[in-house]
Amino acid sequence: MIDWNKIINSSLVVSAYKMAKNDGFNTSIQDIASMLLQEGIIDIDGEPTEKAVKEGLVSIRMTLNKKPDPVAEFKAKYPIFDLLPDKHFKVIDGRVCISETGLKILGEKLNRDLLGELKDKFPDKY
């Protein structure tokens, strides 16, 4: 069962409500919470979802009760790297680094995708 009090009091819902009011929308906090939940922006606890992060609506750091995840934040900012499993990433001095193996795997995947597109567009040349 959904705890609407918990959702309505979440920082994301409160922030979205304040923004809507400041922008002149005549709405209620319940409507904002319901819309965010329906759109998959928050979960049933009022926490931002992965969808919200990937779409750039919230930063990883905005998620409540969760430690920042530099790799997830990096992948959200640069979605091409979602092709690689997290084991190919390492955080060193706060910077996200990618292993040589990870770069090779990514290059091979991108090359295969590009080659497939070229074959589709120019079947007589490939």
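Use the structure listed above.
Let us look at the structure shown here. (Residues numbered from 1 in each chain as written. Predicted model: local features only at pLDDT ≥ 70, side-chain atom pairs only at ≥ 80, totals over all residues. Heavy atoms only, no water.)

## Brief notes about the overall build of the chain
Scanning the chain from terminus to terminus reveals six helices and two strands. Going from the N terminus to the C terminus, the chain shows its helices and strands as α-α-α-α-α-β-β-α. For 126 residues, the compact-globule formula gives about 14 Å, and the C-alpha radius of gyration of the chain, at 20 Å, lies well above that figure. Taking the principal axes of its C-alpha atoms as reference, the chain extends roughly 60 × 40 × 30 Å. (Helix = DSSP H or I, 4+ residues; strand = E, 2+ residues; numbered from the N terminus. Rg over C-alpha atoms; globule rule 2.2 N^0.38 Å.)

## Overview of the packing of aromatic side chains
On inspection of all chains with the given rule, the structure shows four aromatic pairs. Taking 6.4 Å as the distance between ring centres and 80° as the angle between the ring planes, the aromatic pair formed by Phe81 and Phe89 counts as edge-to-face. In terms of burial, Phe81 and Phe89 fall into one category: buried. Counting every residue linked through ring pairs, the aromatic cluster contains Phe74, Tyr78, Phe81 and Phe89. (Phe/Tyr/Trp six-rings, centres within 6.5 Å; stacked < 30°, edge-to-face > 60°. Buried < 20%, exposed > 50% of the residue type's maximum accessible area, 1.4 Å probe, protein only.)

## A few points about the pairing of strand S1 (residues 89-92)
Sheet analysis places S1 next to strand S2 (residues 95-98), joined by four bridges and oriented antiparallel. In the strand pairing of S2, Phe89 is matched with Ile98. If you look at the hairpin formed by S1 and S2, you'll find two residues sitting between the two strands, and Asp93 has a positive phi there, around 50°. (Pairing = 2+ DSSP bridges.)

## Quick notes on a nonpolar patch on the surface
Residues Tyr78, Ile80, Leu83 and Leu110 make up a contiguous nonpolar surface patch of roughly 310 Å² in combined accessible area. Mapped onto the secondary structure, Leu83 falls in the loop between helix H5 (70-77) and S1. (Patch = residues over 30% accessible without salt bridge, like charges linked within 9 Å, V, L, I, M, F, W, Y side chains within 5 Å. Areas by Shrake-Rupley, 256 points an atom, 1.4 Å probe, with all protein chains shown as cover. Salt bridge = Lys/Arg side-chain N within 4 Å of Asp/Glu carboxyl O.)

## Some thoughts on the nonpolar core
Residues Ile7, Val13, Leu36 and Ile42 are the most contacted members of the largest nonpolar core, which totals 16 residues. Elements with a minimum of two residues in this core: helix H1 (4-8), helix H2 (11-22), helix H3 (29-38) and helix H4 (50-54). By residue number, the principal contributor to this core is H3, which donates five residues. Counting six residues, the second-largest nonpolar core is a separate cluster that includes Val71, Phe74, Leu84 and Phe89. (Core = buried A, V, L, I, M, F, W, Y, C linked by side-chain atoms within 4.5 Å.)

## Here we look at H3
Listed as buried for H3 are Ile29, Ile32, Ala33, Leu36 and Leu37. All buried residues of H3 fall inside an arc of 130° around its axis, so they share one side. Elements in contact with the buried residues of H3: H1 and H2. Directly beyond the C-terminal end of H3, a positive phi value near 80° is found at Gly40. (Arc of directions from axis to C-beta. Contact = heavy atoms within 4.5 Å.)

## Brief notes about the environment of Asp93
Mapped onto the fold, Asp93 is located in the loop between S1 and S2. Classification of Asp93 as exposed rests on a relative accessible area of 78%.

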